[in-house]
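Here are the chains, one letter per residue:
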Amino acid sequence: ALLSHGTPLSTHKRTSRPSSQSTNTHTTAMDGLGDMDLSSLMGGAPPGDEFSDDDIEYEDMEVGDSKDVSISQDGGCLKKVLVKGTGEARPEKGAEVTVHYTGTLLDGTKFDSSVDRGDYFKFKLGVGQVIKGWDQGVASMKKGEKAILTCTSEYAYGENGSPPTIPPDATLLFEVELFSWKNDNDLFDDTGCVRIKTLKKSTAYGFPNEIDQVTVSYAVTAPDSDVAGAGDEIVAPTTSTFFVKDAPFLGLGAVLKKMKEGESVRYKMRNVPGGVQYLEGVPAGKTTVPPQVADVVVTLNKHCSVTSICDGRGTKMTTVDGEGWDRPNDGATCVVSIAVAGKETLLPVESTFITGNEALCEAVEECVMLMKAGETAQAAVPRECAGEFGADAKDGNVTLTITLVSFDKEKEVYTMTNAERVTFGEDTKVMGNDAYKAGNLILASKKYEKALRFVEHDQSFSDDEKRETKKIKLSLYLNSAAVALKLQAWKDTVESSNKALDIDRQSDKALFRRAQAKVELEEFDDAKKDVRAILEMDNAHREARTLHARIKKLEQVQMKKDAKTFGGMFSKLGGLYSEAETGRVGENGEGFDAKKASGDDEKMPPVDIGNGFVMEEVTGDPVDGEGKD
């Protein structure tokens, strides 16, 4: 029954009532007597001057005291204290308060009660979610306080009332108990940094981070009981530029991360006992002891966003913001201007390059990919990331000023026709091949990965187009496996080879590259299977025959290691670990016998390993379930 000022009360009859007696928390409540739906009573807004941003001083009251707590002091909201609250704090405008209440008419008729329902009631104070009498009366209460609020009709439901429950021009009594509140202005929920008043609002986008650079004006004064900010000066109005993490005192750095460029705010800061010391670093001012509580006015004049680049070894800081939100993509054609600190511009005022081709140094490419058209940024990077721009750097670091004059994005995959995707896929693959031949394996890998994005998902393609994409995908998977081998990324080699084999089960290149990776992963059995599959198709495959011989030698080395590890048990295995050669194989595979090298033509006799156990070699596949779990 907490109606916004001036809004007609809607009624809601119910056929059933909640039976639970537990105390739950809801932001809306149903009348336990079946008369009203409180969810229809929230909304609207009071006139702008009814609840001011400025601090309102309320007198402490004792149990039994009655006083007018209306802002206008017109008798519209009288409060009588039943139970005194604790502490000094009272909820501020915008705080979400949690209460219990019972509403009655002057004749004692009860029309609503959250206590009867067993449901707490929550609302935001001072923003017009409830009747005027509640906004002003609850604002005067302390935590744990219970009071009767007597609200005249002007502070309740007005001359029309709310038929049939509340008659016209009715004065209402509310027994209210305030349990708690959560204040949005208490930035960190510890009373250490409380927003007292926003002096200037901002429509800027984004908040500073720890590594961002800011230009800030701030002043610190002792708290004044009458006028905020009118106390003795502690820190005179000061303007300085710094990174947020290097703020002069902890509270300043903390609040800056919740402000926008152009915003100005007055805060009350304090050192929280046993908690965060927000005023640590503030000088004593005119007193001999550093302040424990202070009023702080902060204006965020400029916010320069900083981003880590070059694997965290450098930073990019925006000094002039760009237009819109769009940024270059891989393959975009960009026009840039670049200058090195302390030197003349090394490039023409407008130089054009395509992103993703490493046409310019790592630092420039990374910066440009993060920029908007018209943006200017400073890149502070180590010399090795600056390419030709860092050739003469003396201290190992280089500062570049980069302006992205304009850019044209490469067409996105989802906007292309199928034919365009095939063409882009083939062209990008060729770029990858060129990078591979030049020894730039990382760039080659990126190009192959990008090419796959054009052709990998080809379900909507025609049969002719699918035949084209199948050839391109097979080539890309094989090339990716070759790059991964050279980078010693064995698992990536296996993954790319598997995808190639999904397309062509008899691809000797995919089998061979997977076998090479399996050898490095010491998965010799799988490697031998791939090699045998190649030799079954081509017994003269020189590389496969050589790899098979290498696998056998590696297995022998591994068995010797196992023998030393397991000691006496394997010493009984006789000639299993003998030095006898399986045959010499020339550099070109001459004299190689795949069957003999693999041991397929002879079987080791059973070996007594003691304690009644015999080890016998098992060859071939299990039959009729033998050897299976």
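Everything discussed here concerns the structure shown above.
Just so it is clear, the model here is predicted, and its values are computed rather than measured. (Residues numbered from 1 in each chain as written. Predicted model: local features only at pLDDT ≥ 70, side-chain atom pairs only at ≥ 80, totals over all residues. Heavy atoms only, no water.)

## Description of the nonpolar core
For clarity, the threshold we go by: Take the buried Ala, Val, Leu, Ile, Met, Phe, Trp, Tyr and Cys residues and link them wherever side-chain atoms come within 4.5 Å; each set so joined is a nonpolar core. The classification of residues rests on relative accessible area computed with a 1.4 Å probe and restricted to protein chains. Under 20% of the type maximum is buried, over 50% is exposed, and intermediate values are partly exposed. To qualify as a helix, a DSSP run of H or I must reach at least 4 residues; to qualify as a strand, a run of E must reach at least 2; elements of each kind are numbered from the N terminus. Whether two residues are in contact is decided by their heavy atoms, any of which lying within 4.5 Å being enough.
The biggest cluster of nonpolar side chains holds 33 residues, and the ones touching the most others in it are L476, A500, V519, V531, L547 and I551. Of all the secondary structure elements, the ones that give two or more residues to this core are α5 (418–437), α6 (441–455), α7 (463–486), α8 (490–503), α9 (508–520), α10 (524–537) and α11 (542–566). Sorting elements by how many residues they give to this core places α6 first, with 8 residues. Once you skip the residues sitting within four places of it in the chain, V519 turns out to touch F524, A527, L547, R550, I551 and L554. Judged by nonpolar contacts, the second largest core, of 29 residues, contains V99, C151, L172 and F174.

## Section: the packing of aromatic side chains
Condition: For Phe, Tyr and Trp, where Trp contributes only its six-membered ring, two rings pair if their centres lie within 6.5 Å, and the inter-plane angle classes them as stacked under 30 degrees, edge-to-face over 60, or tilted in between. Geometrically, a charge over a ring is one whose NZ (Lys) or CZ (Arg) sits within 6 Å of the ring centre while staying within 35 degrees of the ring normal.
Considering all chains together, one arrives at 12 aromatic pairs under this definition. In this structure an aromatic cluster arises from ring pairing among Y101, F111, F121, F123, W134 and F174. One residue, K132, lies across the ring of Y155, its end atom 4.4 Å from the ring centre.

## Thoughts on the environment of L400
For L400, the location among the structural elements is in strand β19 (residues 397–408). On the basis of relative accessible area, L400 is assigned to the buried category, the value being 0%. Separated by 61 residues in the primary sequence, L400 and A339 place their C-alpha atoms 5.7 Å from one another. Leave out the neighbours within four places in its chain, and L400 touches A339, V340, V364, A377, Q378, A379 and F389.

## Thoughts on the side chain of S153
As a reminder of what qualifies: Definition of a polar contact: a pair of N or O atoms within 3.5 Å, with one able to donate and the other able to accept a hydrogen when the atoms are protein atoms, and with sequence-neighbouring residues admitted only if both atoms are side-chain atoms.
With respect to the secondary-structure elements, S153 resides in the loop between β7 (146–151) and β8 (172–182). Only 3.4 Å separates the side chain of S153 from the side chain of E154, close enough to count as a polar contact. Setting aside residues up to four positions removed in sequence, S153 forms contacts with G158, D169, A170 and T171.

## Quick look at the packing of α6 against α7
Note the cut-off: For helices, the axis comes from a line fit to the C-alpha atoms of the stretch in contact; other axes are also lines fit to C-alpha atoms, and the angle between any two N-to-C directions lies between 0 and 180 degrees. Orientation labels follow simple angle bins: below 35 degrees gives roughly parallel, above 145 gives roughly antiparallel, 65 to 115 gives roughly perpendicular, and whatever is left gives oblique. Crossings are classed by handedness, with left-handed meaning an anticlockwise turn of the near helix from the far one by less than a right angle and right-handed meaning a clockwise turn. Polar here means any residue other than Ala, Val, Leu, Ile, Met, Phe, Trp, Tyr, Cys and Pro, which are nonpolar, and Asp, Glu, Lys and Arg, which are charged; Gly is therefore polar.
Two numbers describe how α6 lies on α7: the axes approach to 10 Å, and their chain directions differ by 155 degrees. Of the possible angle classes, the one that applies to α6 and α7 is roughly antiparallel. Judged by the twist between their axes, the crossing of α6 over α7 is left-handed. Residue-level inspection shows L441, A444, S445, Y448, A451, L452 and V455 of α6 in contact with α7, the latter providing T469, I472, K473, L476, Y477, N479, S480, V483 and K486. Looking at side-chain class alone, the contact of α6 with α7 contains 10 nonpolar, 4 polar and 2 charged residues.

## Considering the side chain of D112
For D112, the location among the structural elements is in strand β5 (residues 110–113). Residue D112 is classed as buried on the basis of its relative accessible area, which comes to 0%. Engagement of the side chain of D112 in a polar contact is seen with the side chain of Y101, the distance being 2.7 Å.

## Examining the pairing of strand β12 (residues 264–270)
Heads up, the condition is: DSSP calls a pair of strands paired once it identifies at least 2 bridges connecting them.
Burial analysis of β12 places 5 of its 7 residues in the buried class, the great majority of the element. The sheet contact formed by strand β9 (residues 193–200) and β12 spans 6 bridges and is antiparallel. What sits directly across from K200, in β12, is S264. Note that β12 and strand β13 (residues 293–304) share 7 bridges and pair antiparallel. Considered in β13, the bridge of M269 is made with A294.

## Considerations on the packing of α7 against α8
Taken N-terminus to C-terminus, the directions of α7 and α8 make an angle of 160 degrees; their axes are 8 Å apart at the nearest point. The angle between α7 and α8 places the two elements in the roughly antiparallel class. As α7 runs across α8, the sense of the crossing is left-handed. Side by side, α7 and α8 meet where K470, K473, L474, Y477, L478, S480, A481, A484 and L485 of the first sit next to W490, D492, T493, S496, S497, K499, A500 and I503 of the second. Across the contact of α7 with α8, the residue classes tally to 9 nonpolar, 4 polar and 4 charged.

## Focus: the sheet that holds β13
Strand order in this open sheet of 5 strands is β9-β12-β13-β10-β11, and the pairing throughout is antiparallel. Lying at the two open borders of the sheet, with one neighbouring strand each, are β9 and β11 (233–243). This sheet shows a mean twist of 20 degrees between the axes of neighbouring strands, independent of strand direction.

## Focus: the pattern of salt bridges
The cut-off we apply is this: What counts as a salt bridge is simple: a side-chain nitrogen of Lys or Arg found within 4 Å of a carboxyl oxygen of Asp or Glu.
One pass over the structure, following the stated rule, counts 31 salt bridges. For the salt bridge of K372 with D321, the shortest nitrogen-to-oxygen distance reads 3.0 Å. On the criterion of sequence distance, the pair formed by K372 in the loop between α4 (362–369) and β18 (376–382) and D321 in the loop between β15 (314–320) and β16 (333–340) is long-range, its members being 51 residues apart. A salt bridge links R467 to D464; its shortest N-O distance comes to 2.0 Å. One end of the pair is R467 and the other is D464, both in helix α7 and 3 residues apart, which spans about a single turn. Through salt bridges that share partners, D60, R90 and K142 make up one connected network.

## Some details on a negative patch on the surface
We count it as follows: Exposure above 30% relative accessible area and the lack of any salt bridge qualify a residue for a patch; like charges then connect within 9 Å, and the nonpolar side chains Val, Leu, Ile, Met, Phe, Trp and Tyr within 5 Å. Reported accessibility uses the Shrake-Rupley method at a 1.4 Å probe radius. Residues are deemed covered only where the shown protein chains occlude them. His is not counted here, nor are the chain ends, while Lys and Arg score as positive and Asp and Glu score as negative. Lys charges are placed at NZ, Arg charges at CZ, Asp charges at CG and Glu charges at CD.
A cluster of acidic residues, D74, E154, E159 and D169, forms a negative patch on the protein surface. Tracing the backbone shows E159 in the loop between β7 and β8.

## Comments concerning α9
Here is the rule: Multiplying 1.5 Å by the helix residue count minus one yields the expected span of that helix.
The terminal C-alpha atoms of α9, which comprises 13 residues, lie 18 Å apart, in line with the 18 Å expected from a rise of 1.5 Å per residue. Just past α9, the residue E522 takes up positive phi, approximately 60 degrees.

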